[in-house]
Amino acid sequence: MTLSNEQRQLIEEFGIYQENNGFQPAVARVMGLLLVSDRAELTFDEISEALNISKSATSNALNMLLNTGHIEYTTFSGDRKRYFRIKSSNWRDLFEKKMQDLSYLNGLLKRVLEVRNRELPIYDAKLNDFISFMDYLKDRMPSLITEWEKSRT
């Protein structure tokens, strides 16, 4: 598989972004490759060769992405290979999970303020602002999604 310099650069930038969000480097690059590739589906060997990563790293990355629902694979009659692709249909599920994670974090931060005995007015004010914003976001998100869906019709 031949990738342009622009595609390679974008894979790297996407990889760095995903690493900053907790993904392992190979996992992040595999996601980037599957997003920027001219073909929607790539085989194990194509992924390994395009990214110049070991078969072990490729296998671990693909398994991680499969287990977290970021990718899926398909097969074709008469071909024993698996073809991996981004699971684009689950963006809403991933977004909802992210919102649940933020809601959980928000609950933890509220408990932090309740149990802590030290007085740090500036810190407390900033933490309360963050908590307040997350409460606002949680309340507004369903209507934002509804508004967005209406705008698409």
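Calculation criteria
Residues numbered from 1 in each chain as written. Predicted model: local features only at pLDDT ≥ 70, side-chain atom pairs only at ≥ 80, totals over all residues. Heavy atoms only, no water. Core = buried A, V, L, I, M, F, W, Y, C linked by side-chain atoms within 4.5 Å. Buried < 20%, exposed > 50% of the residue type's maximum accessible area, 1.4 Å probe, protein only. Helix = DSSP H or I, 4+ residues; strand = E, 2+ residues; numbered from the N terminus. Contact = heavy atoms within 4.5 Å. Phe/Tyr/Trp six-rings, centres within 6.5 Å; stacked < 30°, edge-to-face > 60°. Salt bridge = Lys/Arg side-chain N within 4 Å of Asp/Glu carboxyl O.

S.K.: Looking at this structure, I do not really get the nonpolar core. What am I missing?
M.R.: Most often, soluble globular proteins keep nonpolar side chains buried together rather than apart. Formed by 20 residues in total, the largest nonpolar core has its most connected members in V30, L33, I47 and L65. Of all the elements in the fold, those that place two or more residues in this core are α2 (25–36), α3 (44–51) and α4 (55–67). When neighbours within four sequence positions are excluded, I47 is seen to be in contact with V30, L33, L34, L42, T58, L62 and F84.

S.K.: Sorry, what's going on with the packing of aromatic side chains here?
M.R.: Both the distance between ring centres and the angle between the ring planes are used here to describe each pair of aromatic rings. Applying the stated rule across the entire model yields three aromatic pairs. Judged by centre distance (6.5 Å) and plane angle (40°), the ring pair of F14 and Y17 falls under tilted. Here F14 pairs with Y17, and both are found in helix α1 (residues 5–19), just three residues apart, close to one helical turn. Relative to Y83, the ring of F76 has its centre 5.0 Å away and its plane inclined at 70°; by these criteria the two rings are edge-to-face.

S.K.: What should I look at first to understand the pattern of salt bridges in this one?
M.R.: Side-chain pairs of opposite charge can arise whenever the charged atoms involved come near each other. Per the counting criterion, the structure on display carries ten salt bridges. Of the charged contacts, one joins E41 and R85 as a salt bridge, the two residues approaching to 2.5 Å between their closest N and O atoms. One end of the pair, E41, is in the loop between α2 and β1 (42–43); the other, R85, is in strand β3 (residues 79–86), with 44 residues separating them in the sequence. Note that D135 and K110 form a salt bridge whose closest N and O atoms lie 3.1 Å from each other. Placement of D135 in helix α6 (residues 121–151) and of K110 in helix α5 (residues 91–115) is noted, with a sequence separation of 25 residues between them. You can call K110 partly exposed: its relative accessible area is 34%.

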